Amino acid sequence: MAEPKKLFIKTYGCQMNVYDSERMVESLGAEGYVTTEVAEEADMVLLNTCHIREKASEKLYSDLGRLKPLKAAKPGMKIGVAGCVAQAEGAEIQRRMPLVDLVVGPQSYHRLPAMMGDLAQGKTAIETDFPPEDKFDHLPERKVLRGPSAFLTVQEGCDKFCAFCVVPYTRGAEVSRPVDRLLTEARGLVEKGVKEITLLGQNVNAYHGAGEGGAWGLARLVRALARIDGLERIRYTTSHPNDMEDDLIAAHGDEAKLMPYLHLPVQSGSDRILKAMNRKHTRDQYFLLIERIRAARPDILLSSDFIVGFPGETDQDFADTMDLIRTVGFGSSFSFKYSARPGTPAAEKEPVAAEVADARLQELQALITAQQRAAQEVMVGREVGVIYEKPGRLPGQMVGKSDHLHAVHVDDPDGRIGDLVRVRIKATSSNSLAGQRL
Ligand code: 5AD
Ligand code: SF4
């Protein structure tokens, strides 16, 4: 039998990309590829790019530069670029870097096997348009499972057009997958041992998939998923404040399988900046929303994304953001220094001085870190549910996630991956908790 071909895949950025990479591994697996951790021995190197992170395309080109000697040493090696940078730059990538053999946008991953066939025949392989078919229809079902927790993409794209963001351009308009497919896929995952499903979408709570009786919102989907026996936990990410419908908030109060953690990015605490960002909500509307969510589920942990140094951000605007963070109290958060994305409206505006933005980012991150510690400390002494995901570093130790999405280390020599156990939290360290199985 011929040696299997080897695939090296590097994933940048968000959970959506992690999920997409897994699907590409599966679909190329059907073509005889096995994954390798060593780029030098790969027959195919695939870079799954993300446009959100700073300097995404520079990073891609410098990574591609580093692949040059590898390809020179192994002439049959194919190099592919996937993800949002592929979508945004398309054939330009190959023009700048002729060593690239294949460019594939997120809407075209189901075409990968066919594109590999084209490559083998010496044809070019560039697909970055938005084909009308549902790409989800063509990808093979997930076979490779890594542990008890899985992602399920329910929605893609975004119609919000925040002034700083490329997603509406690279991922296109919002598309929701139909309910029956998702339920079937979820049941399949549970049959294979999955206990926790995180519903994914750039704008997940705008979900409006076709279901019985018309379009279903996210809350209805969550409730239907909750009826699957053996599925213990449901999460969803990422949400927009303006799409937190009443029934979704209510589900946080009465749907036991919906976990008490919500990532609800606000980006800024200044009304002036929110307006300039085209967020279409004010800080007071965000406060009110948080109040209603907490009324439904008092122990919910909230997280957010923040951008500092958005064009025009003054000291007062930044102070408003710090004030919002203090007022809400977040369990964790991601923060970014604004960076201009070509083609977005904000990119036309005068940027804030880099030193000012750097100083603000540091100040904001210090506050977020303090809040994260505080949120971990209140867990000490509490009893939490944990699903073991992998063995810990020490012998006899297991690591899993709590209901509130904290990583928890437990000494449990009898523990197995996938066990859902009750744990008493005993201690907290910088990024995780430690507890004792009850
Ligand atoms: N500059 C900085 N951060 C950005 N994000 C999106 N676009 C930009 C940008 N141009 C951040 C937002 C978003 C997260 C995924 O990335 O905070 O919520
Ligand atoms: Fe980008 Fe999120 Fe705004 Fe959509 S809602 S434009 S994905 S930041």
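Everything below is about the structure shown above.
I will try to describe carefully the structure that is included in this document. Residue positions are given per chain, counted from 1 along the sequence in the order it is written. Each chain gets a letter, beginning with A, and each ligand a number, beginning with 1, in the order they are written. Given that this is a predicted model, residues contribute local features only at a pLDDT of at least 70 and side-chain atom pairs are listed and counted only at 80 or more, while totals for whole chains, interfaces and linings are drawn from all residues. As a rule here, side-chain values cover all heavy atoms of the structure and leave hydrogens and water aside.

1. Describing the nonpolar core
- Throughout, nonpolar core names a set of buried Ala, Val, Leu, Ile, Met, Phe, Trp, Tyr and Cys residues whose side chains join them through atoms within 4.5 Å. Any residue under 20% of the maximum accessible area for its type is buried, any over 50% is exposed, and the rest in between are partly exposed; the area is computed with a 1.4 Å probe on protein chains only. Residues Leu199, Leu218, Leu221, Leu225, Tyr236 and Met244 are the most contacted members of the largest nonpolar core, which totals 53 residues.
- A run of H or I in DSSP counts as a helix once it spans at least four residues, and a run of E counts as a strand once it spans at least two, with each numbered from the N terminus. If one sorts the elements of this core by residue count, helix α9 (residues 218–226) sits on top with 7 residues.
- If we ignore the near neighbours within four places in the chain, the residues touching leucine 225 are Leu183, Ala186, Leu199, Leu231 and Ile234.
- Among the nonpolar cores identified, the runner-up in size contains 23 residues, and Ala42, Met77, Val85 and Val100 belong to it. Should any heavy atoms of two residues lie within 4.5 Å, those residues are counted as being in contact.

2. Concerning the site of ligand 2
- The immediate surroundings of ligand 2 are formed by Cys158, Lys160, Phe161, Cys162, Phe164, Cys165, Val167, Pro168, His240 and Arg279.
- Classifying every residue of the shell around ligand 2 gives 7 nonpolar, 1 polar and 2 charged. Working definition: residue near molecule or strand if any one of its non-hydrogen atoms lies within 4 Å of it. Amino acids are sorted into nonpolar (Ala, Val, Leu, Ile, Met, Phe, Trp, Tyr, Cys and Pro), charged (Asp, Glu, Lys and Arg) and polar (every other residue, Gly among them).

3. Some remarks on the packing of helix α10 (residues 246–254) against helix α12 (residues 283–296)
- Running from amino to carboxyl end, α10 crosses α12 at an angle of 35°, the nearest separation of the two axes being 7 Å. The residues of α12 that touch α10, namely those facing Asp246, Ile249, His252 and Gly253, are Leu289, Arg292, Ile293 and Ala296.
- Broken down by class, the residue content of the contact of α10 with α12 amounts to 4 nonpolar, 2 polar and 2 charged. Axis angles are defined between N-to-C directions and span 0 to 180 degrees, where every axis is a line fitted to C-alpha atoms and, for a helix, only to the segment in contact.

4. Quick word on the packing of aromatic side chains
- What counts as a ring pair is set by centres within 6.5 Å for rings of Phe, Tyr and Trp (its six-membered ring), and what kind of pair is set by the plane angle: stacked under 30 degrees, edge-to-face over 60, tilted for all other angles. A complete count under the given rule lists 4 aromatic pairs for this structure.
- Following the ring pairs from residue to residue traces out a cluster consisting of Phe164, Phe310 and Tyr338.
- Its end group placed over the ring of tyrosine 61, arginine 96 keeps NZ or CZ at 3.6 Å from the ring centre.
- Think of it as a cone above the ring: NZ of Lys or CZ of Arg counts as a charge over the ring if it is within 6 Å of the ring centre and within 35 degrees of the ring normal. The ring centre of tryptophan 216 lies 4.1 Å from the NZ or CZ of arginine 220, which sits over that ring.

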